[in-house]
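Chain by chain, the residues run as shown.
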Amino acid sequence: MCGIIGAASSRNVGKLLVQGLHKMEYRGYDSAGIALHQKDNIFNLRTLGKVSLLEDEMIEQRPKSKLGIAHTRWATHGKPSKKNAHPHESGEVNIVHNGIIENYLELKEKLVQAGYTFESETDSEVIAHLLHQHFQSKGDLLAAMHEAIKELDGAFAIAAIHIKDKNRLVVARNKSPLLIGVGLEENFAASDPLALSQLTNEFVFLEDGDVAEITKESYQVFDRKNSPISRDVTEIDIAVNAVTKGEYSHFMEKEIYEQPNAVANTIDGKLGDDDVLDNIFGLGSSEVFSKIKRIQFVACGTSLHAGKVGRFWFEQIAKIPCYVDFASEYRYRDPLVEEGTLFVTISQSGETADTLAALRYAQEKDYLSTLSICNVPTSSLARESEHVLFTNAGPEIGVASTKAFTTQLAGLMLLAMSIAKSLNKDKQNRKKLVHELRNLPKVIEETLKLSNEILSIVPNIADKHNALFLGRGMFFPIVQEGALKLKEISYIHAEAYPAGELKHGPLALVDDQIPVVALSPENTLTEKLVSNLEEVKARGGTLYVFGGEKAKIKIERGEYIQMPECSELLAPIIYTIPLQILAYHVACQRGTDLDQPRNLAKSVTVE
Ligand code: M6R
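Let me sum up the structure you'll find in this document. (Residues numbered from 1 in each chain as written. Predicted model: local features only at pLDDT ≥ 70, side-chain atom pairs only at ≥ 80, totals over all residues. Heavy atoms only, no water.)

**Topic: the environment of leucine 519**
Threshold: Working definition: helices are DSSP H or I runs of at least four residues, strands are E runs of at least two. Numbering for both runs from the N terminus.
In this fold, leucine 519 is placed in strand β23 (residues 515–520). When the C-alpha atoms of leucine 519 and alanine 70 are compared, they prove to be 46 Å apart, with 449 residues separating the residues in sequence.

In structure tokens:
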């Protein structure tokens, strides 16, 4: 979950590498480092903390170099420290690594016996020593890389430089994203195209087992049999303003306010006058959907919450049973696959290791087909699934997922409608939904206007240690999402419950120190929910309720915030917005680093 970058150029690369690291800080930000090839040595600088600290040191030291590698870290093996930061050195070799080397203890033992000394607690350091060891016999960095990766088990994206190779960078990939950026008189490598967005728009995505050598003039990719291979060049325009905060204080705030547009982009071109269009999940998808009997969703975190809402829609609209699993658990329970089951992964990044591993596991099973709902078209998940719907939310930088979630929900609704259409179910409802979906961006705009009202309750939550979130039916996953948002960026402990469960335990927590946040939309469960909230009131609890006009409950302690009128089925999307705004402002008030909360990273590319 770290970010790696490398450059071979005819200009100085130090500044370019640090700029690239800044753009990848969402992947990890507990330490950073850089290695630059100089005349007869390698300049190696590592700092604890964010990339800006590395940048400050670079400004002071001003090293010059036309070949280098750099890294921003999210600690897995070994605490965040200068010693554990990359690049790791072994004699004349320097490397950066993203991923996890599963057999590192075994390799470390062998390398220690061979006389190598380890400076860090990381798994990555074995790569530096292995490369050094193989360089002794091969005399060439590329050949050493080919040999070294044969010994590695696990996930890796590696970039390496050697003192004796002043023009060449060598990289390797297995189960961890890595690409080459093609420039003019310069070429790059990075774990994310975003890192190179100001340098090029031409990318070559490496595949598992690939090794590549990169110089300023050219690059060459080799497959796992060491044969030279040509990989396609993909053009991607990453708008520069998509990766800056603009007028907003944080990326999360910007991304919350981008939701009307993001959702409009998700549904754009997918709807006809009265129905969803055919094959919006790729050629032949409508035909596959006509054979579906069940759905298996697999995802992590926020994306999992989207799947949990999706389950209600699939059962109501497409009338097919749905299962939802944590990606990290799914393949370890030896799942039974029923005939006609569509395997669906949901992921913003498309690089989440658990989700990707679940997809690869599912490919070996008897699923009808695989489909992903994903925000990054070039991601591994998108490339490896048979059918894909891109959410088109634009880059999401804040670690806390916001626009990715609401666009995933819009994508799931399109999927439920497409399957219902292929199965000839619920035509009337689909017609209504087409109009409601078209109107959705407007209702999101309306909801964003609640920001001031929400701000008024923020001080009453920001000074607490715990919070309880309640919802029912398809709003239970929404309150789970609200609780996740609050805890990840404000560090307030937050738990979500289906409101009916309250009396089975969590009611014992209710006192005047625990704010209870509840969603009370107008639907068949409204009365039941209001009774559950009365139970909170009777115990002196403080309620903050977001609800519809008719679902109003009289509140003595707390606040009732009235939501705009909206479609009953799409209401989960709308009710997500105030919970995002609430979490955002509570975190602002507590002064946390909310775009890069402690211990977390945006893209979790390790299991
Ligand atoms: O990229 P993905 O959607 O696969 O990521 C899954 C989770 O890691 C992610 O949603 C995480 O829970 C977010 N930080 C939540 O805000």
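Still more to cover.
**Some details on the pattern of salt bridges**
Here is the rule we go by: What makes a salt bridge here is a side-chain nitrogen of Lys or Arg within 4 Å of a carboxyl oxygen of Asp or Glu, nothing more. Only protein chains enter the accessibility calculation, which uses a 1.4 Å probe; a residue whose area is less than 20% of its type maximum is buried, one above 50% is exposed, and one in between is partly exposed.
This structure, assessed with the given rule, holds 31 salt bridges. Note that lysine 485 and glutamate 481 form a salt bridge whose closest N and O atoms lie 2.5 Å from each other. Residue lysine 485 and its partner glutamate 481 are both found in helix α16 (residues 476–490); the two are separated by four residues, about one turn of the helix. Across the pair, glutamate 481 and lysine 485 agree in class, each one buried. Lysine 537 is paired through a salt bridge with glutamate 534; the nearest N and O atoms lie 3.5 Å apart. You can see lysine 537 and its partner glutamate 534 sitting in helix α17 (residues 526–538), three residues apart, about one turn around the helix. The class of glutamate 534 is partly exposed, set by a relative accessible area of 35%. Members of the salt-bridge network, linked through shared partners, are Asp140, Asp165, Arg168 and Glu213.

**So, helix α14 (residues 427–448)**
The condition is simple: One fewer than the residue count of a helix, multiplied by 1.5 Å, yields its expected span. The angle between axes fitted to the seven residues ending at a residue and the seven residues starting there is what we call the bend at that residue. Working rule for contacts: check all heavy atoms of both residues, and any pair within 4.5 Å makes them a contact.
Taking 1.5 Å of rise per residue, the 22 residues of α14 would be expected to cover 32 Å, and the 32 Å separating its terminal C-alpha atoms lies within 8% of that figure. A maximum bend of about 45 degrees is found in α14 at leucine 440, where proline proline 441 lies one to four positions downstream. All buried positions along α14 are accounted for by Arg430, Leu433, Val434, Glu436, Leu437, Leu440, Pro441, Val443, Ile444, Thr447 and Leu448. Its buried side turned inward, α14 meets α6 (251–257), α7 (259–267), α9 (301–318), α13 (403–422), α15 (451–462) and α18 (571–590).

**Topic: unusual backbone geometry**
Working note: non-glycine residues mostly have negative phi, and peptide bonds are mostly trans. The omega torsion across histidine 86 and proline 87 is -5 degrees, close enough to zero to call that bond cis. Residue placement: proline 87 occurs in the loop between β4 (67–73) and β5 (88–90). Positive phi is not limited to glycine here, since lysine 175 has a value of about 55 degrees. In this structure, lysine 175 sits in the loop between β8 (169–174) and β9 (179–182).

**Structural notes on the packing of helix α1 (residues 14–23) against helix α2 (residues 51–61)**
Basically, it comes down to this: Every axis corresponds to a line fitted to the C-alpha atoms, with the helix fit spanning only the stretch in contact, and the corresponding angles, defined between N-to-C directions, vary from 0 to 180 degrees. An angle below 35 degrees is treated as roughly parallel, one above 145 as roughly antiparallel, one from 65 to 115 as roughly perpendicular, and anything else as oblique. Put simply, a crossing is left-handed when the front helix is turned counterclockwise from the back one by less than a right angle, and right-handed when it is turned clockwise. Note that Gly is not counted as nonpolar here; it falls among the polar residues with everything else outside the nonpolar set of Ala, Val, Leu, Ile, Met, Phe, Trp, Tyr, Cys and Pro and the charged set of Asp, Glu, Lys and Arg.
Orientation of α1 relative to α2, taken along the N-to-C sense of each, is 165 degrees, at an axis distance of 10 Å. Considering their axes alone, α1 and α2 lie roughly antiparallel with respect to each other. The interaxial crossing formed by α1 with α2 has left-handed handedness. Contact with α1, carried on its side by Gly14, Val18, Leu21 and His22, involves Val51, Ser52, Leu54, Glu55 and Met58 of α2 and no other residues of that element. Across the contact of α1 with α2, the residue classes break down as five nonpolar, three polar and one charged.

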